Amino acid sequence: MIKLKVKSGDVVKVIAGDHKGAEGKILRVLREKNKAVVEGVNMVSKHTKPSAKNPQGGIVKKEAPIHISNIALIDPKTKSATKVGVKVEGDKKVRVSKKSNQVL
């Protein structure tokens with residue numbers, strides 16, 4: 001398993017694959033699979049049967065996971081994709097943007 005430097009709520013940009021260039025917020029991180037679910041990216045159609053929860057049934061659009069290596073964190077200062085480093089400040093480890101050297 002690789003070290004994940006993104007977390008839920010981060011704004012990311014897709015840097016590879018079919019959805020290259022798309023941006024969105026991370027909804028969920030799947031650590032065991034090295035994947036993340038990004039809002040509005042990698043939408044798939046799921047056919048659902050009618051049920052008590054969804055009496056109509058039909059086709060539902062939902063986000064599918066995308067591999068962590070295909071996304072990059074967006075630097076809040078420069079508004080562009082950046083790598084993430086870790087710096088020790090006092091007793092805590094903090095994530096740092098490699099482009100602007102700003103704490104994320």
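Note: the structure precedes this text.
Here the structure is a predicted model, which means the values were calculated and not measured.

### A few points about a positive patch on the surface
Together, Lys 3, Lys 5, Arg 31, Lys 83, Lys 93 and Lys 98 give the surface a local cluster of positive charge. Looking at where Lys 3 falls in the secondary structure, it is placed in the segment before β1 (11–14). The exposed category is assigned to Lys 3, whose relative accessible area is 65%.

### Details of unusual backbone geometry
Unusually for a residue other than glycine, Asn 34 sits at a positive phi of about 55°. Along the polypeptide, Asn 34 turns up in the loop between β2 (23–30) and β3 (35–38). Among the residues examined, Asn 34 registers a relative accessible area of 13% and is labelled buried. The backbone phi angle of Asn 101 is positive, close to 60°, even though this residue is not glycine. Take Asn 101: it is sitting in the segment after β10 (92–97). For Asn 101, a relative accessible area of 53% translates into the label exposed.

### So, the layout of surface pockets
Volume-wise, the largest pocket comes out at about 230 Å³. The biggest single contributor to the lining of the largest pocket is β10, with 3 residues. Residue classes in the lining of the largest pocket are distributed as 6 nonpolar, no polar and 6 charged. Size it by volume and the second largest pocket reaches roughly 200 Å³. Around the second largest pocket, the lining residues are Ile 2, Lys 3, Lys 5, Val 6, Ile 68, Ser 69, Ile 71, Ala 72, Leu 73, Thr 82, Lys 83 and Val 84. Per element, the largest residue contribution to the lining of the second largest pocket is 3 residues, and it comes from strand β7 (residues 71–74). Classifying every residue of the lining of the second largest pocket by side-chain character gives 7 nonpolar, 2 polar and 3 charged.

### Comments concerning the environment of Lys 35
Following the sequence through the fold, Lys 35 ends up in strand β3. Judged by its relative accessible area of 31%, Lys 35 falls in the partly exposed class. On a C-alpha basis, the gap between Lys 35 and Arg 95 in space is 19 Å, while along the polypeptide they are 60 residues apart. Apart from residues no more than four positions distant in its own chain, Lys 35 is found in contact with Val 29, Leu 30, Pro 65, Ile 66, His 67 and Ile 68.

### Some points on the environment of Ile 59
Residue position: Ile 59 is located in strand β5 (residues 58–63). We classify Ile 59 as exposed; its relative accessible area is 57%. Sequence separation between Ile 59 and Ile 2 is 57 residues, and the spatial gap between their C-alpha atoms is 35 Å. Once you skip the residues sitting within four places of it in the chain, Ile 59 turns out to touch Ser 45, Lys 46 and His 47.

Cut-offs and rules
- Residues numbered from 1 in each chain as written.
- Predicted model: local features only at pLDDT ≥ 70, side-chain atom pairs only at ≥ 80, totals over all residues.
- Heavy atoms only, no water.
- Patch = residues over 30% accessible without salt bridge, like charges linked within 9 Å, V, L, I, M, F, W, Y side chains within 5 Å.
- Areas by Shrake-Rupley, 256 points an atom, 1.4 Å probe, with all protein chains shown as cover.
- Salt bridge = Lys/Arg side-chain N within 4 Å of Asp/Glu carboxyl O.
- Lys, Arg positive; Asp, Glu negative; His and termini not counted.
- Charge placed at Lys NZ, Arg CZ, Asp CG, Glu CD.
- Helix = DSSP H or I, 4+ residues; strand = E, 2+ residues; numbered from the N terminus.
- Buried < 20%, exposed > 50% of the residue type's maximum accessible area, 1.4 Å probe, protein only.
- 1 Å grid on protein atoms, 1.4 Å probe; cavity = no way out; pocket = protein on both sides within 12 Å on 5 of 7 lines; lining within 4 Å.
- Points joined across faces, edges and corners; volume = space filled by probe spheres on them.
- Nonpolar A, V, L, I, M, F, W, Y, C, P; charged D, E, K, R; others polar.
- Contact = heavy atoms within 4.5 Å.

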